[in-house]
Each structure stands twice: as structure tokens, then as C-alpha cells.
Amino acid sequence: AQSVAQPEDQVNVAEGNPLTVKCTYSVSGNPYLFWYVQYPNRGLQFLLKYITGDNLVKGSYGFEAEFNKSQTSFHLKKPSALVSDSALYFCAVMGRRALTFGSGTRLQVQP
Amino acid sequence: DTAVSQTPKYLVTQMGNDKSIKCEQNLGHDTMYWYKQDSKKFLKIMFSYNNKELIINETVPNRFSPKSPDKAHLNLHINSLELGDSAVYFCASSQFLAGLNEQFFGPGTRLTVL
């Protein structure tokens, strides 16, 4: 069975600094990996996905993620954090016709 | 236009009652899902329908019954509500294509069982 791990419950970063939200995965076969963001009292919004191709995937709102097959990781990154990026971030892997989500990482960007 | 809508947004009810949550998508997608998000924000798939056919039914109690009258709708009926059913329920949809496409989520229904 597929699984996703997000080792950090919370990440704190100052506005303007780079941010990284970590994700590792476990699947049999090729991984289809996704990042979603959840703002307070809202549904999840798609940020980006890795299916195949370039290991660096660019997504919405200036986010990008790096797929690393040898480390089975798919870390989310942004060069310069904004206060408005503060939210809950979920990494997910597509399994048997549905997404398996990580436990989520709360990103707090301080002004 | 709202892509994936759910009603109601909030639902407060007594233990033992029966309630329904409705979901509609206007994206023309062929697959719809129900997810449960618990108080610790952990998200878990409950059901998935493809072209009105149930394709995933995770270890969910029989008290939960999804119904898909057509491709655009996936409703969730819950019988004999229990305290542990309190959670936020999210509907989602996608054009399945072997899992390559992203899912679009509704705003969620916060269910509180007293």
C-alpha cells in the first residue's frame, strides 16, 4: 500500500526567506505525487503534481517541488515566503484510484 | 461559478439521527470522492465513484451510504449518527485518467454530533 510522510507538524519561516516543506513517499511502481494547500475553513486547493519528466515541478503561487527518486522525497519549496502563504500543506500520492494524504504541515510565515 | 459545491456547510445534530450531505460538480468530471478530515486535520478517503459506479469503499461503517444519481452528484447519507462521526467531510471530483489529474475539492461540511 502507498503512504506519504510529512515529518514536520509545523514550519516557521520569516517573510522573504526561502521555505521548504518536506514529504517522503512509499509506493510500488511509478509515483504520482501531489501537493495541496488548505486555507482556514476552506477546501483543499491543488498546487502542483509530479507524474513524469523533469524532477523540478513548478506550480501555483510561485511554489515548486523537487522529486528525488533515490531519496523517495517530494519536498515543496518557494524561494521567498509571503505571509499569505501561511496555511496547511498536504502531500499526497495517487494510489488505487484515490489520493493518500500525508498528515499535513502547518506553514507559518512571520512578517 | 462554484466548481464543487456542498450543502450544508455546517450540520449540527443529535446522536442517533440520520443526515445527508449533498455534493455537486459542474466540471464535467467522471469521478467523485468523499473524504473525511478529523480534528487533527488528517484526511482519509471514504468513497470514490466513477461514472456513477462505486469503485472505492474504504473501511467505512455501513451507516455511511453514498448515492450517485448522476455523474455530477455524489451524496452522502449517514444513519444513526455517533459522536465519532464529528468531522469535516470533503467532496472532490476529477477526470480520472489513471490518476494523473488533480482533484477539485468542495468547501467542506462540518458535521458536529452532540
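Analysis parameters
Residues numbered from 1 in each chain as written. Chains lettered and ligands numbered in written order. Predicted model: local features only at pLDDT ≥ 70, side-chain atom pairs only at ≥ 80, totals over all residues. Heavy atoms only, no water. Helix = DSSP H or I, 4+ residues; strand = E, 2+ residues; numbered from the N terminus. Rg over C-alpha atoms; globule rule 2.2 N^0.38 Å. Buried < 20%, exposed > 50% of the residue type's maximum accessible area, 1.4 Å probe, protein only. Contact = heavy atoms within 4.5 Å. Areas by Shrake-Rupley, 256 points an atom, 1.4 Å probe, with all protein chains shown as cover. Lys, Arg positive; Asp, Glu negative; His and termini not counted. Charge placed at Lys NZ, Arg CZ, Asp CG, Glu CD. Core = buried A, V, L, I, M, F, W, Y, C linked by side-chain atoms within 4.5 Å. Salt bridge = Lys/Arg side-chain N within 4 Å of Asp/Glu carboxyl O. Pairing = 2+ DSSP bridges. Buried area = accessible area lost by both parts, 1.4 Å probe. 1 Å grid on protein atoms, 1.4 Å probe; cavity = no way out; pocket = protein on both sides within 12 Å on 5 of 7 lines; lining within 4 Å. Points joined across faces, edges and corners; volume = space filled by probe spheres on them. Polar contact = N/O pair within 3.5 Å; in protein donor to acceptor, adjacent residues only side chain to side chain. Axes fitted to C-alpha atoms, helices over the stretch in contact; angles between N-to-C directions.

Caption draft 1: Molecular detail of the overall build of chain B. Counting its secondary structure elements, chain B contains 0 helices and 11 strands. Taken from N to C terminus, the helices and strands of chain B fall in the order β-β-β-β-β-β-β-β-β-β-β. Here the C-alpha atoms of chain B give a radius of gyration of 13 Å, agreeing with the 13 Å that 2.2 N^0.38 yields for 114 residues. Projected onto its principal axes, the C-alpha positions of chain B cover 40 × 30 × 30 Å. A total of 114 residues make up chain B; the buried ones form 46% of that total. The contacts of chain B with a sequence gap of at least 6 include a subset with a gap of at least 24, amounting to 54%. With an accessible surface of roughly 5500 Å², chain B has 51% of that area assigned to carbon and sulfur atoms. Here chain B carries 12 positive and 11 negative side-chain charges, and the mean point of each set is 7 Å from the other.

Caption draft 2: Here's a closer look at the nonpolar core. Among the nonpolar cores identified, the biggest contains 27 residues, and Trp35, Leu47, Leu48, Phe74, Leu76 and Tyr89 of chain A are the most heavily contacted of them. Elements that contribute at least two residues to this core include exactly strand E2 (10–14), strand E3 (19–21), strand E5 (33–38), strand E6 (44–50), strand E8 (64–68), strand E9 (73–78), strand E10 (87–94) and strand E12 (105–110) of chain A.

Caption draft 3: Quick peek at the pattern of salt bridges. All names here are of chain B. If you walk through the whole model with that rule in mind, you get 6 salt bridges over all chains. We note a salt bridge from Glu82 to Arg63, for which the minimum N-O separation is 3.5 Å. Within this pair, whereas Glu82 is found in the loop between strand E8 (73–78) and strand E9 (87–94), its partner Arg63 is found in the loop between strand E6 (53–57) and strand E7 (64–70), the two being separated by 19 residues in sequence. Note that Asp85 is salt-bridged to Arg63, the shortest N-O span being 2.8 Å. Of this pair, Asp85 sits in the loop between E8 and E9 while Arg63 sits in the loop between E6 and E7, and the two are 22 residues apart along the sequence. The same class applies to Asp85 as to Arg63, namely buried. In this structure, a network of salt bridges that share partners links the residues Arg63, Glu82 and Asp85.

Caption draft 4: Geometry of the pairing of strand E3 (residues 19–25) of chain B. All names here are of chain B. With 4 bridges connecting them, strand E1 (residues 4–7) and E3 associate as antiparallel partners. Paired with Gln6 across the strands is Cys23, a residue of E3. In terms of strand pairing, E3 meets E8 through 4 bridges, oriented antiparallel. Looking at the pairing, Ser20 lines up with His77 of E8.

Caption draft 5: Expanded view of the interface of chain A and chain B. With 22 residues of chain A in contact, the opposing surface of chain B contributes 24 residues. Around 1900 Å² of area is buried between chain A and chain B when both sides are counted, 59% of it from carbon and sulfur atoms. On the chain A side of the contact with chain B, Leu44, Arg97 and Phe101 of chain A bury the most area, a combined 29% of that side's loss. At the boundary of chain A and chain B, one finds 1 salt bridge.

Caption draft 6: A look at empty space enclosed by the protein. Applying the stated criterion across every chain, the model contains 1 cavity of 30 Å³ or more. Counted as a void, the largest cavity has a volume near 30 Å³.

Caption draft 7: Up close: the environment of Pro31 of chain A. Residue and element names in this part refer to chain A. Among the secondary structure elements, Pro31 is positioned in the loop between strand E4 (24–26) and E5. Under the relative-accessibility criterion, Pro31 is labelled buried at 9%. For the pair Pro31 and Arg42, spaced 11 residues apart in sequence, the C-alpha separation works out to 27 Å.

Caption draft 8: A look at the environment of Glu64 of chain A. Residue and element names in this part refer to chain A. Structurally, Glu64 is set in strand E8. Here the alpha-carbon distance between Glu64 and Leu76, two residues 12 residues apart in the chain, equals 5.9 Å. Those residues in contact with Glu64 that sit more than four places away from it in its chain are Leu48, Leu56, Val57, Lys58, Gly59, His75, Leu76 and Lys77. A distance of 2.9 Å separates a polar atom in the side chain of Glu64 from a polar atom in the side chain of Lys58.

Caption draft 9: Representation of the sheet that holds E8 of chain B within the structure. Residue and element names in this part refer to chain B. The 4 strands lie next to each other as E1-E3-E8-E7, forming an open sheet whose pairing is antiparallel. At either end of the open sheet lies a strand with only one pairing partner, and these are E1 and E7. In this sheet, adjacent strand axes meet at a mean angle of 20 degrees when their direction is disregarded.

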